[in-house]
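Summary of structural features
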Amino acid sequence: MESRRLRLAAWLALMLLAGVAVAAPPRVRIETSAGNIVVQLDAERAPLSVKNFLQYAADGFYAGTIFHRVVTGFIIQGGGYQEDLSLKPARAPVANESGNGLANHRGTIAMARSADPHSADAQFYFNLADNVALDPKPTRWGYAVFGTVVEGMEVVDEIGHRATTSRNDLADVPVQPVVIRKVVVLPDPGP
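The rules behind each value
- Residues numbered from 1 in each chain as written.
- Predicted model: local features only at pLDDT ≥ 70, side-chain atom pairs only at ≥ 80, totals over all residues.
- Heavy atoms only, no water.
- Helix = DSSP H or I, 4+ residues; strand = E, 2+ residues; numbered from the N terminus.
- Buried < 20%, exposed > 50% of the residue type's maximum accessible area, 1.4 Å probe, protein only.
- Contact = heavy atoms within 4.5 Å.
- Areas by Shrake-Rupley, 256 points an atom, 1.4 Å probe, with all protein chains shown as cover.
- Core = buried A, V, L, I, M, F, W, Y, C linked by side-chain atoms within 4.5 Å.
- Polar contact = N/O pair within 3.5 Å; in protein donor to acceptor, adjacent residues only side chain to side chain.
- Salt bridge = Lys/Arg side-chain N within 4 Å of Asp/Glu carboxyl O.

1. Structural notes on the overall build of the chain
Secondary structure summary: the chain contains 3 helices and 10 strands in total. Written out in order from the N terminus, the α and β elements of the chain read α-β-β-α-β-β-β-β-β-α-β-β-β. Across the 191 residues in the chain, those meeting the buried criterion constitute 40%. Across the chain, every contact between residues at least 6 apart in sequence was considered, and the portion connecting residues at least 24 apart equals 68%. Surface exposure of the chain reaches about 10,100 Å², of which carbon and sulfur atoms provide 57%.

What follows is the structure, given as structure tokens:
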């Protein structure tokens, strides 16, 4: 068994020296009027959610949307409403991947949805705290986490402390809008 491990380690070292590398997890930069947030996506554990998010980013869907829901100490949610609070039409929802082993911990990004567990489409949220109540239980679906903030958590926190109001039948809307200018897929940094 030990010789098998040594052969495997030698093979991996040879592959790295030969320039064969495993692709890094995808990263995106969410450019907002409050600053930039860089997120590393977990395509291995949340492939449907990541593919969905990246397609919306590639389509330019998020440009001009806002963080329309801010609950201090809980979450900031965006990616669906425009500044006038009109809802952008989204594609069909994706299947819920909340059982993927990723938890709603502070600094993670997850799919927003309605009471229907398989209703997530374009909207997402950032966890401002460890929100274990959003994780799945054996008796119910949770909310699917699909990445982690790797830069700009101070921007997320600042947005999370904005004053809010109610507008157009929506609660917790920031008084001063936080606009998502664009979501950029970052190049693979390589080995």
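2. Re the nonpolar core
By size, the foremost hydrophobic cluster in this structure holds 33 residues, and its most contacted members are Ile-30, Val-39, Phe-53, Tyr-62, Phe-124, Phe-126 and Phe-146. Those residues within four positions of Phe-146 in sequence are excluded, and the remaining contacts are Gln-40, Leu-41, Asp-42, Ala-46, Ser-49, Val-50, Phe-53, Leu-102, Ile-109, Ala-110, Met-111 and Phe-124. With 7 residues, the next largest nonpolar core counts Leu-102, Tyr-125, Leu-134 and Val-145 among its residues.

3. Observations concerning the side chain of His-68
Within the secondary structure, His-68 sits in strand 3 (residues 65-71). The class of His-68 is buried, set by a relative accessible area of 4%. Within the structure, His-68 has its side chain in polar contact with the side chain of Gln-123 (distance 3.4 Å). Dropping the residues within four chain positions of it, His-68 is found in contact with Gln-77, Gly-78, Tyr-81, Leu-85, Gln-123, Ala-171, Asp-172, Val-173 and Pro-174.

4. Some thoughts on the pattern of salt bridges
Here the structure, examined in full by the defined rule, presents 5 salt bridges. One salt bridge in this structure joins Arg-27 and Glu-151, with 3.5 Å as the shortest N-O distance. Taken together, the positions of Arg-27 in strand 1 (residues 27-32) and Glu-151 in strand 7 (residues 145-151) put the pair 124 residues apart, joining distant regions of the chain. Given the relative accessible area of 24%, Arg-27 is considered partly exposed. For Glu-151, a relative accessible area of 45% gives the class partly exposed. The residue Arg-162 makes a salt bridge to Glu-158 at a minimum N-O spacing of 2.9 Å.

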